[in-house]
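Structure at a glance
Read off the chains here:
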There are 2 protein chains.
Amino acid sequence: MLKEERFDHIINLLKKENKVSYDQLAGELHVSEDTIRRDIDALYQNGLLSKVRGGAITLAKNPLSFQDRSSHLSEGKEAIALKARQFIKNGQTIFMDGGTTVCAIAASLPLDSNLRVITNNMALIPILSNFNNIEVIVLGGKYNRDTQTNSGLRTIDEAREYIADCYFMGACALHHELGVTSVFNEEASIKRAMISNAKKIIVLGNVEKLSTTEPFRVCDLAQVNVLITDLPSDSDLLDSYRSLGIRLI
Amino acid sequence: MLKEERFDHIINLLKKENKVSYDQLAGELHVSEDTIRRDIDALYQNGLLSKVRGGAITLAKNPLSFQDRSSHLSEGKEAIALKARQFIKNGQTIFMDGGTTVCAIAASLPLDSNLRVITNNMALIPILSNFNNIEVIVLGGKYNRDTQTNSGLRTIDEAREYIADCYFMGACALHHELGVTSVFNEEASIKRAMISNAKKIIVLGNVEKLSTTEPFRVCDLAQVNVLITDLPSDSDLLDSYRSLGIRLI
DNA sequence: TACAAAATTGCATAACTTTGCATAAAAGTT
DNA sequence: AACTTTTATGCAAAGTTATGCAATTTTGTA
């Protein structure tokens, strides 16, 4: 019996019963359980079923195609998004980089916003696609599936070609002495490129990011114009950031 | 007995039985198993059957075509995706451009595929994110929300930085005399850039695209190496494309 | 018709797949 | 926490397939 015929049998049985087990199939097809295990793995690798302990079940029809992951955003991020609105004026050109807070800002924009957004953040694409008057310029590069951003020399090079009215910087750690830091070296370089080509630097940091550091230095806090947090701007937690010439919001 | 007669015999038997084996055919046709093996390989190279260990099965019977996949893509596109699989080998670097057929190919890849995909097609990002061993390189540019692709001078410039083993070209009209054409000028330029930097040009065109044209010329059909359609490769509708040196599948 | 070039064929062999078993690692159960 | 069951991995045997080769057949050309 051909391997493909076994595949066929497995898939048909699965259609009928919604689940199959290794031992049942091994018996029916007169091969060892190992072989069935390998068959089911092959079908799994090709996206035709879901593996479970002891066998397989039909695929959960859960097309992971267009994830608008922005839906499950925390309250803190919504708060930051709301505060960010005051800095966004129609007609502006804006840099946005990685992080879910940036996505929250994009998602909260008025539908008729007229903007040009320049970004390496791929998670922004489905969000910004909803806006008819937002021109999106994608900075290319090697895509990182964890951060959902592009990075590399090309990304930096491209970012340097634009001058933006403001830059919303997400995904970074903030420390009153050690400044702005980031998890990846590449991200840090992109941030620096955006900083040097933006007229106003707006850093987004929820309370968990305050007084923390990451390995890669982006810039001094002195270079930052505005710091938006999810705290009230008179909160004690922000005291160490006052007197740095940053506008705290 | 002529080779063509053997081909006919194989195809007819396949239609009747859905599967054929080397030893069975070798007996029936009084030639060695090697010859049958070569015959079946020739038919496979033309997309007329699926090769399996021990013989061949019809394309429709290939379990990989059982598309209960999350994809709500048309049957034709699935058929093209299945035929495209024979050109994709692990370790390759591949250009892909816009169009839903290209997305169908990406969605049908085995989960453990090891590839580098270079694209301006943003719709590919969520699809390719599911593959741990596919490196995605995004070509930046101005994002077009209708085609879901990036375009512009930057896009072309970046595409030129890479050499790919093959290029899957989607979203184009095909005409036996007027060649490959596209709806937008910008898309056409990107296609040309990819053509000049890819070792093998594979054009995807479902039957609705055949014998049609669009305003912007991409290239002659002579520059195309392979044309994958949703038709069987011996269909009359493809006759005008024969004798152009293209492999029809 | 005769000849050279090209294609086709069957064979030998090397490379690769598949399979079931043994064992180690991981995941559930009590 | 100890035990059982299940799954993954490595291995060797058997089987299958691709490849190069030489012999043969076919094709094209003079």
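Not measured: the values here are computed from a predicted model. Position numbers for residues count from 1 along each chain, tracking the sequence in the order it is written. Working convention: letters from A go to chains and numbers from 1 go to ligands, in the order in which they are written. Two thresholds apply to this predicted model, a pLDDT of at least 70 for residue-level local features and 80 or more for giving and counting side-chain atom pairs, whereas whole-chain, interface and lining totals are computed over all residues. The side-chain quantities take in all heavy atoms of the structure and omit both hydrogens and water.

Let us now look at the protein's contact with DNA strand D. Whether a residue is near a molecule or strand depends on its heavy atoms: it is near if one of them lies within 4 Å of it. Around DNA strand D lies a shell of 15 residues, among which A:R37, A:R53, A:G54, B:R37 and B:G54 are the nearest. N or O atoms closer than or at 3.5 Å make up a polar contact, with two conditions inside protein: a donor-capable atom paired with an acceptor-capable one, and, for residues adjacent in sequence, both atoms drawn from side chains. At 2.6 Å, a side-chain N or O of A:R37 approaches a phosphate oxygen of DNA strand D. At 3.2 Å from a phosphate oxygen of DNA strand D is found a side-chain nitrogen or oxygen belonging to B:K51. Only DSSP runs of H or I with at least four residues qualify as helices, and only runs of E with at least two residues qualify as strands; both kinds are numbered from the N terminus onward. Of all the secondary structure elements, the ones that give two or more residues to the surface near DNA strand D are α3 (33–45) and β2 (50–52) of chain A together with α3 (33–45) and β2 (50–52) of chain B. When residues in the surface near DNA strand D are grouped by element, the largest group, 3 residues, is from α3(B). Split by residue class, the surface near DNA strand D holds 4 nonpolar, 2 polar and 9 charged. Residues were grouped as follows: Ala, Val, Leu, Ile, Met, Phe, Trp, Tyr, Cys and Pro as nonpolar; Asp, Glu, Lys and Arg as charged; and all remaining residues, including Gly, as polar.

We now examine the protein's contact with DNA strand C. Near DNA strand C you find 16 residues, and of these A:T35, A:R38, B:R6, B:T35 and B:R38 are the closest. Counting only the atoms of DNA strand C that lie within 4 Å of the protein, the sugar and phosphate share comes to 62%. With respect to DNA strand C, the side chain of B:D34 contributes an N or O atom lying 3.4 Å from a base nitrogen. The side chain of B:R38 places a nitrogen or oxygen atom 2.5 Å from a base nitrogen of DNA strand C. Where the surface near DNA strand C is concerned, the elements lending two or more residues are α1 (3–17) and α3 of chain A together with α1 (3–17) and α3 of chain B. In the surface near DNA strand C, the residues fall into 2 nonpolar, 4 polar and 10 charged.

Further remarks concern helix α2 (residues 22–29) of chain B. Residues and elements named next belong to chain B. Turning to α2, its buried residues number three or more, namely Y22, L25, A26 and L29. Seen end-on, α2 carries its buried residues on one side only, within an arc spanning 105 degrees. Contacts are assigned to residue pairs that have any heavy atoms within 4.5 Å of one another. Of the surrounding secondary structure, the elements contacted by the buried residues of α2 are α1, β1 (19–21), α3, β2 and β3 (55–57). Once α2 ends, the next one or two residues include H30, with phi positive near 55 degrees. Categorising residues by exposure relies on relative accessible area from a 1.4 Å probe, with only protein chains included: less than 20% of the type maximum marks a residue as buried, more than 50% marks it as exposed, and the intermediate range marks it as partly exposed. What the arc measures is the spread of directions leading from the helix axis to the C-beta atoms.

Right, let's get into the UniProt feature "domain: HTH deoR-type" (unreviewed entry) in chain A. Per the UniProt annotation, the sites labelled "domain: HTH deoR-type" (unreviewed entry) are residues 3–58 of chain A. Each end of residues 3–58 of chain A is marked by a C-alpha atom, and these two atoms are 20 Å apart; helix forms 64% of the span and strand 16%. UniProt positions are given in the numbering used here, feature names are shortened, and annotations may be inferred rather than shown by experiment.

Contact residues are listed per partner, giving 42 residues for chain A and 44 residues for chain B. By buried area we mean the combined loss of accessible area, with a 1.4 Å probe, across both parts when two parts are placed together. Of the roughly 3500 Å² buried at the junction of chain A and chain B (both faces included), carbon and sulfur atoms supply 54%. Contact with chain B buries area across many residues of chain A, yet A:N46, A:R145 and A:R154 alone supply 18% of it, more than any other trio. Criterion for a salt bridge: a side-chain nitrogen of Lys or Arg within 4 Å of a carboxyl oxygen of Asp or Glu. The shortest N-O distance in the salt bridge between A:E5 and B:K19 comes to 3.1 Å. Our count for the chain A to chain B interface comes out at 20 residue pairs in polar contact (both at pLDDT 80 or more). At the level of secondary structure, the elements contributing two or more residues to the side of chain A that touches chain B comprise α1, α3, α6 (124–128), β6 (134–138), β7 (141–144) and α7 (153–159) of chain A. Taken together, the residues of the side of chain A that touches chain B sort by class into 20 nonpolar, 11 polar and 11 charged. By the bridge criterion, 2 bridges tie β6(A) to strand β7 (residues 141–144) of chain B in an arrangement that is antiparallel. Across the sheet, residue A:I137 finds its bridge partner in β7(B), namely B:K142. In this scheme, strands are said to pair when DSSP sees at least two bridges between them.

This part is about the environment of A:N46. All names here are of chain A. The residue N46 is located in the loop between α3 and β2 in this model. Judged by its relative accessible area of 10%, N46 falls in the buried class. For the pair N46 and V224, spaced 178 residues apart in sequence, the C-alpha to C-alpha distance is 48 Å.

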